[in-house]
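# Notes for the structure review
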Amino acid sequence: RRHINEGRTEEALQGAWSLVTSGQPIDPVVVQMMVAALTKAIRLSDACDLLERITQLPHATAVLPLPVTLSVLTGMPMRCAVESEHAFRFTDLVCRLTQFTLGQQYGEYFRRLAIAQVLEYLEESRVALDRAKSSNTDHLMRQGVCLINVEVTEGKKQGELAIRLGSQSVSGDMGQRGIQTGDTV
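Residues numbered from 1 in each chain as written. Predicted model: local features only at pLDDT ≥ 70, side-chain atom pairs only at ≥ 80, totals over all residues. Heavy atoms only, no water.

### Remarks on the pattern of salt bridges
The line we're drawing: For this analysis, a salt bridge means a side-chain nitrogen from Lys or Arg found within 4 Å of a carboxyl oxygen belonging to Asp or Glu. Counting from the N terminus, the helices are DSSP H or I runs at least four residues long and the strands are E runs at least two residues long. When accessible area is computed with a 1.4 Å probe and restricted to protein chains, residues below 20% of their type maximum are described as buried, those above 50% as exposed, and intermediate ones as partly exposed.
Taken as a whole and judged by the stated rule, the model has 4 salt bridges. The partner of D49 in a salt bridge is R89, with the nearest N and O atoms 3.2 Å apart. A residue pair is termed long-range when its members are at least 10 positions apart, and D49 in helix α4 (residues 44–55) and R89 in helix α6 (residues 84–96) qualify at 40 residues. Judged by its relative accessible area of 30%, D49 is partly exposed. R96 is the partner of D92 in a salt bridge, and the nearest nitrogen-oxygen pair spans 3.0 Å. Linking D92 with R96, this pair stays in helix α6, spanning 4 residues, or about one helical turn.

Put into structure tokens, the structure is as follows:
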């Protein structure tokens, strides 16, 4: 827990591996923290390997509360599109380790729906990232999906970023709107 809390994902992963390979029970809170950290770090392959090993433990039980599963899946960064080959396996394993209060039938339905939604999201993300990489910046600016010369600084709160739109002219309400949660930067 300490390694995850301090942002040291690599050390936390090594600690989790040592627990899992020794066959010892692993703290459900640690599993939740590891899944969230590895997802945010775009390490779906490592998350899959860890979750696969946890499901093979003799005392493996559902360790992820449904709200944690929802948070992990809906908070998956767009950059996970580069690991889309692991997305199906990751979503399947996360759902298999989720505690469903309405029974296994609901869990199977949720698992199928989650896999479809995650794969669709990652495909849309891949298309958006490819378009941003291959399109002319001026054209993207005219479409209102790109800003240049932005300045990113630390925000007022810990972990927050402040974004200032340089000296460029911004058409429409983008200048007033600014960059908001959900925008692609």
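Having seen it, we continue.
### Some thoughts on the environment of R43
Selection criterion: Throughout, a contact is declared for two residues whenever any of their heavy atoms are within 4.5 Å. Side-chain atoms alone can form a polar contact between residues adjacent in sequence; in general such a contact is a pair of N or O atoms within 3.5 Å, and within protein one must be able to donate a hydrogen while the other accepts it.
With respect to the helices and strands, the residue R43 is situated in the loop between α3 (28–40) and α4. As a C-alpha pair, R43 and C80 span 37 residues in sequence and 8.0 Å in three-dimensional space. Among residues more than four places away in sequence, those in contact with R43 are T9, E10, L13, L38 and E83. Engagement of the side chain of R43 in a polar contact is seen with the side chain of D46, the distance being 2.6 Å.

### With respect to helix α5 (residues 66–74)
Under the convention used in this document: This arc describes the spread of directions from the helix axis toward the C-beta atoms.
Every buried residue of α5 is listed here: T69, V72 and L73. The buried side chains of α5 occupy one side of the element, clustering within an arc of 90° when seen end-on. Residues of α5 that are exposed and point more than 90 degrees away from the buried face comprise P67 and T74.

### Things to note about unusual backbone geometry
Not every positive phi belongs to a glycine, and I42 is a case in point at roughly 55°. Assignment of secondary structure puts I42 in the loop between α3 and α4. For I42, a relative accessible area of 12% puts it in the buried group.

### Re the packing of α3 against α4
We apply this condition: For every element, the axis is a line fit to its C-alpha atoms; helices are fit only across the contacting stretch, and the angle between N-to-C directions ranges from 0 to 180 degrees. Any angle that falls under 35 degrees is termed roughly parallel, while one over 145 is termed roughly antiparallel, one within 65 to 115 roughly perpendicular, and all others oblique. By definition, any crossing whose near helix is turned counterclockwise from its far helix by less than a right angle is left-handed, and any crossing with a clockwise turn is right-handed. In this classification, the charged set is Asp, Glu, Lys and Arg, the nonpolar set is Ala, Val, Leu, Ile, Met, Phe, Trp, Tyr, Cys and Pro, and all remaining amino acids, among them Gly, are polar.
Relative orientation of the contacting elements α3 and α4 amounts to 155°, with a least axis distance of 8 Å. The orientation of α3 relative to α4 falls into the category roughly antiparallel. Between α3 and α4 lies a crossing of left-handed hand. Within the contact between the two elements, α3 uses V31, M34, V35, L38 and T39 and α4 uses L44, D46, A47, L50, L51 and I54. Here the contact of α3 with α4 is built from residues that sort into 9 nonpolar, 1 polar and 1 charged.

### Digging into a nonpolar patch on the surface
To be explicit about the condition: Patches draw on residues past 30% relative accessible area with no salt bridge. Two like charges within 9 Å are joined, as are two nonpolar side chains (Val, Leu, Ile, Met, Phe, Trp, Tyr) within 5 Å. Here, Shrake-Rupley sampling with a 1.4 Å probe gives the accessible areas, and only protein chains in the shown set may cover a residue.
On the surface, a nonpolar cluster with roughly 320 Å² of combined accessible area is contributed by V150, V152, L161 and I163. The topology assignment puts V152 in strand β3 (residues 150–154).

### Side note on the environment of S22
Mapped onto the secondary structure, S22 falls in the loop between α2 (9–21) and α3. Of the residues examined, S22 reaches a relative accessible area of 42% and is grouped as partly exposed. Separated by 35 residues in the primary sequence, S22 and L57 have C-alpha atoms spaced 9.8 Å apart.

### Quick word on the confidence of the model for the protein
Keep in mind that low pLDDT regions are not for reading the predicted coordinates in detail. Using the following cut-off: pLDDT gives the predictor's per-residue confidence on a scale running from 0 to 100.
Across the protein, pLDDT averages 76, with 84% of residues at or above 70. Across the protein, the secondary-structure element scoring lowest on mean pLDDT is helix α9 (residues 174–177), at 51, and the one scoring highest is α4, at 86. With pLDDT under 50 throughout, residues 169–175 is counted as low confidence; its partners more than four residues away or in other chains account for 6 contacts.

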